[in-house]
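Overview (structure and organization)
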Amino acid sequence: MKLYYTPGACSLSPHIVLCELGLAHELEKVDLNSHTTASGADFYTINPKGYVPVLQLDDGELLTEGPAIIQYLAELKPAFGLLPTARLLERARVQEWLNFIATELHKNFSPLFNPTSPDEVKAAARAAIGRRLGLFDKALAGQDYLTGARFSVADAYLFTIVNWTGHMGIDLGPCPAVSAFLERVRARPAVQQALKAEGLI
Ligand SMILES: N[C@@H](CCC(=O)N[C@@H](CS)C(=O)NCC(=O)O)C(=O)O
């Protein structure tokens, strides 16, 4: 398998999941400014959507959309429990978090990364991120991971997005449980492995 990624971008989430599961993988870096890959390919020919992550399977099939990729990977090695299979509701809880992270947290960062966003749009995005982080803080108070004691694909995704708060000057002071979660996940050997491979530590 090959993961097209950009250091520290949302592609870090499937990268972490690949490492957690011990799945053999190659990495190919994508420059999101030029939309060119490290081997010189026009990234739009690989993903017409123009964004990372993209997972290329061994038979050449391409899979996009981070939440779909991490669920696919988790199902390759169900014994790791990154996406629960025994009870439908437990599985739906992880998917509920994935959708919430994707649509209510991840996408609110987009205006902050866009240098052309007007200040009032950025301010509204920051306010929305603050409200969402408050909800994550309540969910994480008294438990290590989003769905309890066990790490899931939703935690890999949440870590990846919350990891941007530092660069964006978003203070996690009012969210001590999120802050503790960030450091707890960062300390996992698979997360260290992914961060090192992306040149982030
Ligand atoms: N819906 C996509 C969004 C992916 C996305 O937003 N990727 C960003 C990096 S975090 C990107 O590559 N942006 C560059 C672009 O859109 O040109 C997913 O969840 O995988």
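Residues numbered from 1 in each chain as written. Predicted model: local features only at pLDDT ≥ 70, side-chain atom pairs only at ≥ 80, totals over all residues.

**A closer look at the overall build of the chain**
Note the cut-off: What counts as a helix is a DSSP run of H or I of at least four residues, what counts as a strand is a run of E of at least two, and both are numbered from the N terminus. What the globule rule says is 2.2 Å times the number of residues to the power 0.38, and the radius of gyration is computed from C-alpha atoms. In this description, any two residues whose backbone-derived C-beta atoms lie within 7 Å of each other are considered to be in contact.
Scanning the chain from terminus to terminus reveals nine helices and five strands. For 201 residues, the compact-globule estimate of 2.2 N^0.38 gives 17 Å, and the C-alpha radius of gyration of the chain, at 17 Å, lies within 12% of that figure. If one aligns the C-alpha atoms of the chain with their principal axes, the spans along those axes are about 45 × 45 × 30 Å. Within the chain, contacts between residues separated by at least 24 positions form 60% of all contacts whose residues are at least 6 apart in sequence.

**Let's talk about the sheet that holds strand S3 (residues 36–37)**
Filter applied, for reference: Two strands are counted as paired when DSSP detects at least two bridges linking them.
Reading across from one edge, S3-S2-S1-S4-S5 is the order of the five strands in this open sheet, with mixed pairing throughout. Bordering the open sheet on either side are S3 and strand S5 (62–64), each of which pairs with just one other strand. Of the pairings in the sheet, the one linking strand S4 (residues 54–56) to S5 comprises three bridges and is antiparallel in character. Across the sheet, Leu 55 pairs through a bridge with Leu 63, a residue of S5.

**Comments concerning the nonpolar core**
Applicable threshold: Nonpolar core, as used here: buried Ala, Val, Leu, Ile, Met, Phe, Trp, Tyr and Cys residues forming one set through C-beta atoms within 7 Å. Here exposure depends only on C-beta density: within 10 Å of a residue's C-beta, 20 or more other C-beta atoms make it buried, 12 or fewer make it exposed, and intermediate numbers make it partly exposed, the C-beta atoms being placed from the backbone. All domain edges in this entry derive from an automatic or database-based domain assignment.
Residues Val 17, Ile 70, Ile 101, Val 153, Ala 154, Tyr 157 and Leu 158 are the most contacted members of the largest nonpolar core, which totals 47 residues. Each of two domains, domain 1 (2–79 + 190–197) and domain 2 (84–188), supplies a minimum of three residues to this core. Ile 70 has contacts with Ser 13, Pro 14, Val 17, Val 153, Ala 156 and Tyr 157, leaving out every residue within four places of it along the chain.

**Thoughts on the pairing of strand S1 (residues 2–5)**
Operational definition: Crossover handedness is defined here as right-handed if the route from the first strand over the helix to the second strand goes clockwise, with the strands pointing away from the viewer.
With four bridges joining them, S1 and strand S2 (residues 26–31) adopt parallel strand pairing. Residue Leu 3 lies in a different strand from S2, and its bridge partner there is Leu 27. As a crossover connection, the stretch from S1 through helix H1 (residues 12–21) into S2 is right-handed.

**Section: the packing of helix H7 (residues 153–162) against helix H8 (residues 176–186)**
Put simply, the rule reads: For helices, the axis comes from a line fit to the C-alpha atoms of the stretch in contact; other axes are also lines fit to C-alpha atoms, and the angle between any two N-to-C directions lies between 0 and 180 degrees. An angle below 35 degrees is treated as roughly parallel, one above 145 as roughly antiparallel, one from 65 to 115 as roughly perpendicular, and anything else as oblique. As a working rule, the residues Ala, Val, Leu, Ile, Met, Phe, Trp, Tyr, Cys and Pro are called nonpolar, Asp, Glu, Lys and Arg charged, and the rest polar, with Gly in that last group.
Where H7 meets H8, the axes come as close as 10 Å, and the angle between the chain directions of the two elements is 110°. In this view, H7 runs roughly perpendicular relative to H8, as classed from their interaxial angle. Counting all contacts with H7, which are made through Asp 155, Phe 159 and Val 162, the residues of H8 involved are Val 178, Leu 182 and Val 185. Here the contact of H7 with H8 is built from residues that sort into five nonpolar, no polar and one charged.

**Observations regarding the pairing of S2**
When S2 meets S3, the two strands line up antiparallel, connected through two bridges. When the sheet's bridge partners are listed, Asp 31 is paired in S3 with Thr 36. Once S2 ends, the chain turns through four residues before running back antiparallel as S3, passing His 35 with a positive phi of about 55°.

**Digging into the domain arrangement of the chain**
By domain assignment, the chain separates into domain 1 (2–79 + 190–197) and domain 2 (84–188). Between domain 1 and domain 2, the contact holds 14 residues from the first and twelve residues from the second. By residue number, the principal contributor to the side of domain 1 that touches domain 2 is helix H3 (residues 66–76), which donates five residues. Looking at the side of domain 1 that touches domain 2, its residues break down into ten nonpolar, four polar and no charged.

**What about H7?**
Counting buried positions along H7 gives ten out of ten residues, so the element sits mostly inside the fold. All of the buried residues in H7 are Val 153, Ala 154, Asp 155, Ala 156, Tyr 157, Leu 158, Phe 159, Thr 160, Ile 161 and Val 162. Tucked into the core, H7 has its buried residues touching H1, H3, helix H4 (88–105), helix H6 (119–140), H8 and helix H9 (189–197).

**As for the environment of Pro 176**
Take Pro 176: it is sitting in helix H8. For Pro 176, a count of 12 C-beta atoms within 10 Å gives the class exposed. Sequence separation between Pro 176 and Pro 115 is 61 residues, and the spatial gap between their C-alpha atoms is 30 Å.

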